[in-house]
Amino acid sequence: MRSRAGRTLRVAASLGVVVALGLAACSTDDKTSSNGTGGAASTPADGTGAGQMSDKPLVIARSMDINSLDPQRAYCDTCQIFMTAVYETLIGLDKDNKTLVPRLATSWTSSPDQTEFTFNLDPNAKFADGTPVTSTDVKFSWERLQGLQAASSYLVSLIDTIDDSDPQVVKVTLSAPNSAFLAQVNASYLGIVNSKVAQANGATTDSTTDTAETWFLSNSAGSGPFELESYTEGSELKFKANPNYWGKNGPKFPEVVMKQTDSAVTQRQQLEQGAVDIAMQISADTASGMGGNGVNVEPAPSFNFVYLALSPGVKGGEDLTPDVRKAIREALDYTHLVDVTVDGKGKPQPSPIPNGFAGTDGLAAPTQNLDDAKQLLGGKTYEFDATFPSINVYGVDFSTAMQEIQLELKDVGITLNLNPVEISVWAEKISSDGIPVTMLYFAPDHTDSSQYVQYFGLVDNSQWVTWGKVPADSTQNELLAEAFGTQDETARAQVYNQLAQKMIDDQIIIPIVNPDLFLASRSDIQGVAYSACCNLDLAQLSRT
């Protein structure tokens, strides 16, 4: 799930970022260095130095959605924060949310046809135990992500071979062109694990033999500025500073404590009382009147969205025919849903590719058409199970949203039997029997539009082909391959526009709201910023 898995402090720095985001991170057309300068990976993305270590821990209030702390299994909003802090990627993302910068790799090159990529590793990079980061660690991490067939494995689906013969050089060959590959390498889920430590504790590249997930619940093996200290499900996630961190932008806090806090109201109270330093899921109505007295609150647009998902291939979803799915889409009042869910602080979203990404220009906004909805149903009535996680994400209370959707669908003769459950219960049900109608959320894994097609589209092995138990569409497969092989940004955006329209027409994923978010923190906390790949980068935070 995304969050990403995965996701919630993903606040756009400005509206201009939204427009610029979609294609800026893609690779070059010829075989040249993609970062231009080939600078050292230890140079922090924001250009800051190490700063002063605070004598107090950083405390964050959020509703956590952790599915795993295994670096190749984790996939959620909270997981992005965890992965970014503990397991570094080869490539980072600058604060402008469009420029790729060195991280574990000092430089990288790509072939003109975008099938071969070479990364030069920083010789200074090391894991928390002092072990150097080598190409073998990269090979193991990415091949394990492939082998475990986890939710984020789609990011490495086109990797054919990885040459690790030189410890400082990673050579990747893809099975097909992929213009999004460098953006995918920047995704937090491609963080690198210490292969020797991981394998010593049960990690393999085969899902049938891998036994490491339990070990990763209480241990970590990364190169990031923080290490896992402890995790108590339903209570808190603790990070500790990595005393052996190799880079310049090291941790500014001896400890970071993430406290499970479901209610936005409670998060506000804790923030205003000084019990926490950051509140990550402040809703629009809760944010009203906040600010001052030691608290900063900044609203901003986001790329996140909450959506309704229809699964016609699962038990109980047999009546979700194309006409019924279209009727559901046309029965909803999207403007009113934005008002109900986020007090008008957001926007409707036409397709699963969010507003501002490549391919969204010119898409018609979703509108309510009750007469058409009723005509599509032909006077028949329908009833569906609607099991959904009882969570509040991006300020959207899922129970409130689903109750409003239930009311609006009732007007056209569709009954939803609402069943709010814990997210762990939901996850088990959706991955086994499936759920006819549900609600979930998504935020970017990286900066390329391909991720939305790979996750939501009817392409081979997508998440909603799997969960919805519906067949893939050969045309969408062909269009995605065309997008991956297209280097011209304008032409590639046109292909994604076709894919966005096809996903609209499928009526499998119906976006409900693209909310603005509220960045809330104590006034002495500096560096809180949106990242389109990584949610919240703990290494960028400091206390004045």
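Everything numeric in this text was worked out from a predicted model, so none of it was measured.

Q: Hey, could you go over the overall build of the protein for me, with residue numbers and the actual values?
A: When helices and strands are counted, the protein shows 17 helices and 23 strands. Computed over its C-alpha atoms, the radius of gyration of the protein comes to 22 Å, within 12% of the 24 Å expected for a compact globule of 544 residues. Based on the C-alpha atoms only, the size of the protein along its principal axes is roughly 70 × 55 × 45 Å. Here the protein, with 544 residues, has 60% of them falling under the buried criterion. Of the roughly 19,000 Å² of accessible surface on the protein, 46% is carried by carbon and sulfur atoms. When the 37 positive and 65 negative side-chain charges of the protein are each reduced to one mean point, those points stand 4 Å apart.

Q: With reference to specific residues and values, describe the pattern of salt bridges.
A: In total, this model carries 11 salt bridges according to the counting rule given. Residue arginine 144 is joined to aspartate 70 by a salt bridge in which the shortest nitrogen-to-oxygen separation is 2.7 Å. On the criterion of sequence distance, the pair formed by arginine 144 in helix α3 (residues 135–148) and aspartate 70 in the loop between β1 (58–62) and α2 (77–86) is long-range, its members being 74 residues apart. Here arginine 144 matches aspartate 70 in class, with each residue buried. Put simply, arginine 73 and glutamate 213 hold a salt bridge, and the shortest N to O gap is 3.7 Å. With a gap of 140 residues between them, arginine 73 in the loop between β1 and α2 and glutamate 213 in helix α6 (residues 213–216) connect regions that are remote in the sequence. Classification of arginine 73 by relative accessible area gives buried; the value is 18%. Counted as one network, the salt bridges with shared partners bring together Asp70, Arg73, Arg144, Asp210 and Glu213.

Q: Can you tell me about the pairing of strand β4 (residues 105–110), naming the residues and giving the values?
A: Along any regular strand the residues' side chains alternate between the sheet's two faces. Burial within β4 is extensive, with five of its six residues counted as buried. The turn joining β4 and strand β5 (residues 116–121), which pair antiparallel and follow one another in sequence, is formed by five residues; a positive phi near 60° is taken by glutamine 114.

Q: Describe the packing of aromatic side chains, listing the residues and the values that go with them.
A: Under the counting rule described, the total for this entry stands at 28 aromatic pairs. Arranged with centres 4.8 Å apart and planes meeting at 50°, the rings of phenylalanine 117 and phenylalanine 181 form a pair that is tilted. Residue phenylalanine 117 is located in strand β5, and its partner phenylalanine 181 is located in helix α4 (residues 181–186); the two are separated by 64 residues in the primary sequence. For the pair phenylalanine 117 and phenylalanine 181, one class covers both residues: buried.

Q: Can you explain the packing of helix α10 (residues 334–342) against helix α12 (residues 398–410)? Please cite residues and give values.
A: One can describe the packing of α10 onto α12 by two numbers: an axis separation of 9 Å at closest approach and a directional angle of 150°. The angle between the axes of α10 and α12 places the two elements in the roughly antiparallel class. Crossing of α10 over α12 shows right-handed handedness. Side by side, α10 and α12 meet where His336, Leu337, Val340 and Thr341 of the first sit next to Thr400, Ala401, Glu404, Ile405 and Glu408 of the second. Residues of the contact of α10 with α12, tallied by class, amount to four nonpolar, three polar and two charged.

Q: How would you summarise the sheet that holds strand β19 (residues 437–442) if you had to cite specific residues and measurements?
A: A sheet is described by the order of its strands in space; here four strands give the open sequence β14-β20-β13-β19, paired in antiparallel fashion. Both outer strands of the open sheet, β14 (346–347) and β19, are each paired with one neighbouring strand and no more. As paired elements, β14 and strand β20 (residues 509–515) share two bridges and run antiparallel to each other. Opposite lysine 347, over in β20, you have asparagine 514 as the bridge partner.

Q: Any chance you could break down the side chain of serine 450 for me, citing the residues and the numbers?
A: Of note, serine 450 is situated in helix α14 (residues 450–456). Not counting chain neighbours up to four residues away, the residues in contact with serine 450 comprise Ala180, Gln184, Leu480, Phe484 and Tyr496.

Q: I'd like a rundown of the sheet that holds strand β11 (residues 278–279), residues and numbers included.
A: A sheet is described by the order of its strands in space; here seven strands give the open sequence β8-β9-β10-β1-β11-β21-β12, paired in mixed fashion. With one partner strand each, in any of the chains shown, β8 (226–232) and β12 (295–300) form the two edges of the open sheet. The sheet contact formed by β12 and strand β21 (residues 517–522) spans six bridges and is antiparallel. Of the residues in β21, the one forming a bridge with valine 297 is alanine 520. Along the sheet face, α2 touches β1, β8, β9 (236–241) and β10 (255–260) and points at about 145° away from the line of β8. On the sheet, helix α7 (residues 264–273) packs against β1, β10, β11, β12 and β21 and is oriented at approximately 30° with respect to β21.

Q: Before we move on, could you go through α7 and cite the residues and values that matter?
A: Residues of α7 that are buried include every one of Ala264, Gln267, Gln270 and Leu271, and no others. Angularly, the buried residues of α7 cover 125° about the axis, an arc narrow enough to put them on a single face. Tucked inside the fold, the buried residues of α7 contact β1, β10, β11, α8 (284–287), β12 and β21. If you check the start of α7, you find a side-chain oxygen 3.2 Å away from the backbone N of valine 265, and it comes from serine 263.

Q: With reference to specific residues and values, describe helix α17 (residues 489–506).
A: Compared with an ideal rise of 1.5 Å per residue, which puts 18 residues at 26 Å, α17 spans 26 Å between its outermost C-alpha atoms and is within 8% of the ideal. Among the residues of α17, those classed as buried are Arg492, Ala493, Val495, Tyr496, Leu499, Ala500, Met503, Ile504 and Asp506. A side-chain oxygen of the first residue of α17 lies 3.2 Å from the backbone nitrogen of threonine 490; this N-cap is aspartate 488. Two residues or fewer past α17, glutamine 507 is found with a positive phi of approximately 60°.

Q: Summarise the nonpolar core; cite the residues concerned and give the values.
A: Within the largest apolar cluster, 152 residues are counted, with the highest numbers of intra-cluster contacts made by Leu90, Phe119, Trp142 and Leu538. Setting aside its immediate chain neighbours within four residues, tryptophan 142 contacts Leu90, Phe119, Val156, Ile159, Ile162, Val172, Phe181, Val185, Leu190 and Ile192. Core analysis: the second largest hydrophobic core is formed by 12 residues, Ala284, Met290, Val295 and Ala520 among them.

Calculation criteria
- Residues numbered from 1 in each chain as written.
- Predicted model: local features only at pLDDT ≥ 70, side-chain atom pairs only at ≥ 80, totals over all residues.
- Heavy atoms only, no water.
- Helix = DSSP H or I, 4+ residues; strand = E, 2+ residues; numbered from the N terminus.
- Rg over C-alpha atoms; globule rule 2.2 N^0.38 Å.
- Buried < 20%, exposed > 50% of the residue type's maximum accessible area, 1.4 Å probe, protein only.
- Areas by Shrake-Rupley, 256 points an atom, 1.4 Å probe, with all protein chains shown as cover.
- Lys, Arg positive; Asp, Glu negative; His and termini not counted.
- Charge placed at Lys NZ, Arg CZ, Asp CG, Glu CD.
- Salt bridge = Lys/Arg side-chain N within 4 Å of Asp/Glu carboxyl O.
- Pairing = 2+ DSSP bridges.
- Phe/Tyr/Trp six-rings, centres within 6.5 Å; stacked < 30°, edge-to-face > 60°.
- Axes fitted to C-alpha atoms, helices over the stretch in contact; angles between N-to-C directions.
- Parallel < 35°, antiparallel > 145°, perpendicular 65-115°, else oblique.
- Left-handed = near helix turned anticlockwise from the far one by under 90°.
- Contact = heavy atoms within 4.5 Å.
- Nonpolar A, V, L, I, M, F, W, Y, C, P; charged D, E, K, R; others polar.
- Arc of directions from axis to C-beta.
- Polar contact = N/O pair within 3.5 Å; in protein donor to acceptor, adjacent residues only side chain to side chain.
- Expected span 1.5 Å × (residues − 1).
- Core = buried A, V, L, I, M, F, W, Y, C linked by side-chain atoms within 4.5 Å.

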